[in-house]
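# Descriptive structure summary
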Amino acid sequence: MACQAIKTFYGHIIYARDEKKLVEYKSGALGVDQSGRIYFCGSREDLDLEVKAGECRIEESFDLGEKLILPGFVDTHLHLPQFGQTGKYGKHLLGWLESFIFPEEAKFKDEKYAHKISEWFFEELLKNGTTTANIFTTIHKQACNAAFEVASKTGIKAVMGKVIMNRNCPDYLSEDSKDAIKHSVELMEKWHGHDNNRLLYAFIPRFAPSCTNDLLNQIGEQLKANPSVYMHTHVSESAAEVKWVQELFPEAKSYTDVYARAGLLGPKSVLAHAIHLNEHDYKAICDTDSALSHCPSSNFFLKSGAFAFATCEKKQIRFGLGSDIGAGPQMSMFQVMKDGFYIQPDLWIEPAKLFYRATLGGAKALNLHETTGSLEAGKDADFIIVNTERKSNIPANILQKEIDEILSSLIFLGDDRIVESTFVRGKCVFGASLLNSLVST
Ligand SMILES: [Zn+2]
């Protein structure tokens, strides 16, 4: 085999290998090949041995000292057009949508506006260390296209699609079913699989009340014909919404059953919130291996309730964490993890479990764990450099402590300020130049 030329980052590496196993190299090395994949992740000594054996050659290396190298975060549910609407006080989900969200989404009819907000949105995601995201746009084809164009320039990994709605929304956001499907298919054909699968398409019925049964069935037909394409929607976020769905779909056994009957569930389906679930809901989710997105910051904000974290773990349902911008007020997955702990009234979730859900668990929920979510060889080199000195309330000696204590400090004290740089496929897409860390050869 030819000697592999790599770029190497030396630092303190932490990632989750699975739900229970964390990997740590205090004096670690991350080697990235020329295609942007991880060639090596391990101890500095082991990499030296590979170099001596002639298996790889270090072309360039950066010594980050004690700074942390973590996988980029995976945000499994958020809304691009709502980024300018975070922190808008609203009494409950349905009223909040009417007052703030629908009027803002209407502005995305203007492609230039959509482009401007998309640039801001993706820049902020990378600044927060999120390298993979599952994103709602609006009903507007051109706005969704603009979001894909901006995303493609950043190199971020994203699953996106246009929102679909044909009822129970303001007239200015309601669309003809034929157009809804036609525009979704056109976008799917243009973007699904783009740039070696960095960009992927999702059909996005906003939530059951906003679509007629006929439209949901048409989406189901598209998913059947295109099994690699995603489906992303909301389910059982608030008690009032669940009641409304029962009235609108009296034939369904549960809220999730509405989606099951239309053929919308499967391994590429992600349902956001999933708070008020009954046994029929759980059965539909488990039978189809659908995934969930738990959005604790948003659930706090709209007082929607608490996700059944332990039940979903026990049932081995795939789920990740989501910021749910804009009901969630910030993109930082450190803060989403913290809220994930706080929102449980009587469950003490270990820091390692929250970290797993914000990284590899999220990647598994999106079926993207073969390429991202951890720092194992063969995956895309999507990672962040965390500098705990950037926040003065984090103890100076924290990185010498046990791994659980380090993660606890990151989760309860961290935010976007400690993300010094963000890399996708080994390329710096946010942050300070690493020139000062360059090791001279
Ligand atoms: Zn949402």
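For the structure, see preceding data.
Summary of the structure given here. Bear in mind the structure is a predicted one, so any value in this text is a computation, not a measurement. (Residues numbered from 1 in each chain as written. Predicted model: local features only at pLDDT ≥ 70, side-chain atom pairs only at ≥ 80, totals over all residues. Heavy atoms only, no water.)

### Some words on the nonpolar core
Counting 124 residues, the largest nonpolar core has Phe122 and Ile135 as the members making the most contacts within it. Looking at which domains feed residues into this core, each of domain 1 (4-71 + 374-437) and domain 2 (73-365) gives three or more. Apart from residues no more than four positions distant in its own chain, isoleucine 135 is found in contact with Leu78, Leu80, Phe121, Phe122, Leu125, Ala158, Val159, Met160, Gly161, Ile204 and His232. Grouped together as the second largest cluster of nonpolar side chains are 17 residues, Ile13, Val23, Leu30 and Phe423 included. (Core = buried A, V, L, I, M, F, W, Y, C linked by side-chain atoms within 4.5 Å. Buried < 20%, exposed > 50% of the residue type's maximum accessible area, 1.4 Å probe, protein only. Domains from an automatic or database assignment. Contact = heavy atoms within 4.5 Å.)

### With respect to the layout of surface pockets
When its volume is computed, the largest pocket comes out at roughly 240 Å³. Along its surface, the largest pocket is lined by 18 residues, and Lys157, Asn196, Asn197, Thr371 and Asp380 are the ones closest to its centre. Of the residues that constitute the lining of the largest pocket, the class distribution is three nonpolar, nine polar and six charged. No fewer than three residues from each of domain 1 (4-71 + 374-437) and domain 2 (73-365) sit in the lining of the largest pocket. (1 Å grid on protein atoms, 1.4 Å probe; cavity = no way out; pocket = protein on both sides within 12 Å on 5 of 7 lines; lining within 4 Å. Points joined across faces, edges and corners; volume = space filled by probe spheres on them. Nonpolar A, V, L, I, M, F, W, Y, C, P; charged D, E, K, R; others polar.)

### Description of the pairing of strand E14 (residues 383-386)
Neither face of E14 is open: one carries Phe383 and Ile385, the other Ile384 and Val386, and all of them are buried. Across four bridges, the pairing between strand E4 (residues 56-71) and E14 is antiparallel. Residue proline 71 lies in a different strand from E14, and its bridge partner there is phenylalanine 383. (Helix = DSSP H or I, 4+ residues; strand = E, 2+ residues; numbered from the N terminus. Pairing = 2+ DSSP bridges.)

### Considering the coordination of the zinc ion
Protein coordination at the zinc ion comes from His77 (NE2), His79 (NE2), His234 (NE2) and Asp324 (OD), with a distance range of 2.1 to 2.5 Å. Its four donor atoms give the zinc ion angles of 85 to 171° at the centre, a pattern that matches the irregular case. We note that the donor set of the zinc ion lies within a single chain, spaced as H-x1-H-x154-H-x89-D. Of the two residues, histidine 234 sits in strand E10 (residues 230-235) while aspartate 324 sits in the loop between strand E13 (319-321) and helix H13 (333-342), which places them 90 residues apart along the sequence. (Donors = N, O, S within 2.8 Å, 3.2 Å for Na, K, Ca; no water. Tetrahedral: all angles 85-135°; square planar, octahedral: opposite > 155°, others 65-115°.)

Spatial relationships are all this shows, so hold off on functional conclusions.
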